[in-house]
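Here's the letter readout for the chains.
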Amino acid sequence: EGGCYMTLCAALAILVTGDVATFAGGCYWSLKSNMARVPGVGTVEVGYTGGWTENPTQDDVMRGSTGHVHAVTVLYNSNKVSYRELMYKFMGFHKWWQGDRQGKDLGHQFRSIVFTHNAEQREDAIEIIRKIQERFKRHCATDVLNVQQMYRPSLMYYECRGEPPEGEA
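Residues numbered from 1 in each chain as written. Predicted model: local features only at pLDDT ≥ 70, side-chain atom pairs only at ≥ 80, totals over all residues. Heavy atoms only, no water.

Caption draft 1: Structural detail: the packing of aromatic side chains. On inspection of all chains with the given rule, the structure shows 6 aromatic pairs. Consider the rings of Tyr28 and Trp29, whose centres lie 5.1 Å apart with planes at 80°: the pair is edge-to-face. Of the two residues, Tyr28 and Trp29, neither departs from the other in class, the shared state being buried. Of the aromatic side chains, those joined through ring pairs into one cluster are Phe23, Tyr83 and Phe90. (Phe/Tyr/Trp six-rings, centres within 6.5 Å; stacked < 30°, edge-to-face > 60°. Buried < 20%, exposed > 50% of the residue type's maximum accessible area, 1.4 Å probe, protein only.)

Structure below.
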């Protein structure tokens, strides 16, 4: 089935630059497509994170029995795009005011979360969410949590989309 993962390219990019961000906000395919278009973004990988079950399957996640969310890990070049810019892009790509859903995607597994990799990201995420709430005078349902282990969906879900996982083309 799936499993804990990180491609060699992703691991090397993190070791060299440390520029990684993780976001959850609805179906990971939509989020991957949007984030991949941001100048300065290299690789965007999809998976499940934020839950309590090891090696969850797509069916487990979709039943809502694992606590996991659909998420993306974004590897980026901070000389071309900042974490704050990615945060604003992420907030613009989804309905941050909706809890436990994104449009037609209903369930806890589609909730909005920013998974931070360090204290600076956490501070930036909290500040940006506060500014968005003030600007739009609306509650933001997006949570800010520490990053957790990411699990890859099974190859079947990539094949359905007609695209291989990163690093396996």
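Caption draft 2: Molecular detail of the side chain of Thr66. Tracing the backbone through its elements, the reader meets Thr66 in the loop between α3 (58-63) and β4 (69-76). A distance of 2.8 Å separates the side chain of Thr66 from the side chain of His68, its partner in a polar contact. With residues near it in sequence (within four places) discarded, Thr66 still touches Gly51, Trp52, Thr53, Pro56, Asp60 and Val61. (Helix = DSSP H or I, 4+ residues; strand = E, 2+ residues; numbered from the N terminus. Polar contact = N/O pair within 3.5 Å; in protein donor to acceptor, adjacent residues only side chain to side chain. Contact = heavy atoms within 4.5 Å.)

Caption draft 3: Region of interest: the packing of helix α2 (residues 28-36) against helix α4 (residues 83-93). Running from N to C, α2 and α4 cross one another at 135°; their axes reach a closest spacing of 10 Å. Considering the angle they form, α2 stands oblique to α4. Here the hand of the crossing between α2 and α4 comes out right-handed. Residues Leu31, Asn34 and Met35 of α2 form the contact with α4, whose own contacting residues are Leu86, Phe90 and Phe93. (Axes fitted to C-alpha atoms, helices over the stretch in contact; angles between N-to-C directions. Parallel < 35°, antiparallel > 145°, perpendicular 65-115°, else oblique. Left-handed = near helix turned anticlockwise from the far one by under 90°.)

Caption draft 4: Molecular detail of the pattern of salt bridges. Summed over all chains, the structure comprises 4 salt bridges. Its salt-bridge partner being Glu127, residue Lys131 comes within 3.0 Å of it at the nearest N-O pair. With a gap of 4 residues between them, Lys131 and Glu127 both fall in helix α5 (residues 119-136), about one helical turn apart. In this structure Glu127 comes out as partly exposed when scored by relative accessible area, which is 26%. Measuring nitrogen to oxygen at the nearest pair gives 3.0 Å for the salt bridge that ties Glu134 to Arg130. Placement of both Glu134 and Arg130 in helix α5 is noted, with a separation of 4 residues, approximately one turn of the helix. (Salt bridge = Lys/Arg side-chain N within 4 Å of Asp/Glu carboxyl O.)

Caption draft 5: Expanded view of α2. For α2, the complete set of buried residues consists of Tyr28, Trp29, Leu31, Lys32 and Met35. Across the axial projection of α2, the buried residues extend over an arc of 165°, all falling on one side. (Arc of directions from axis to C-beta.)

Functional significance is not addressed by these values, which are geometric in nature.
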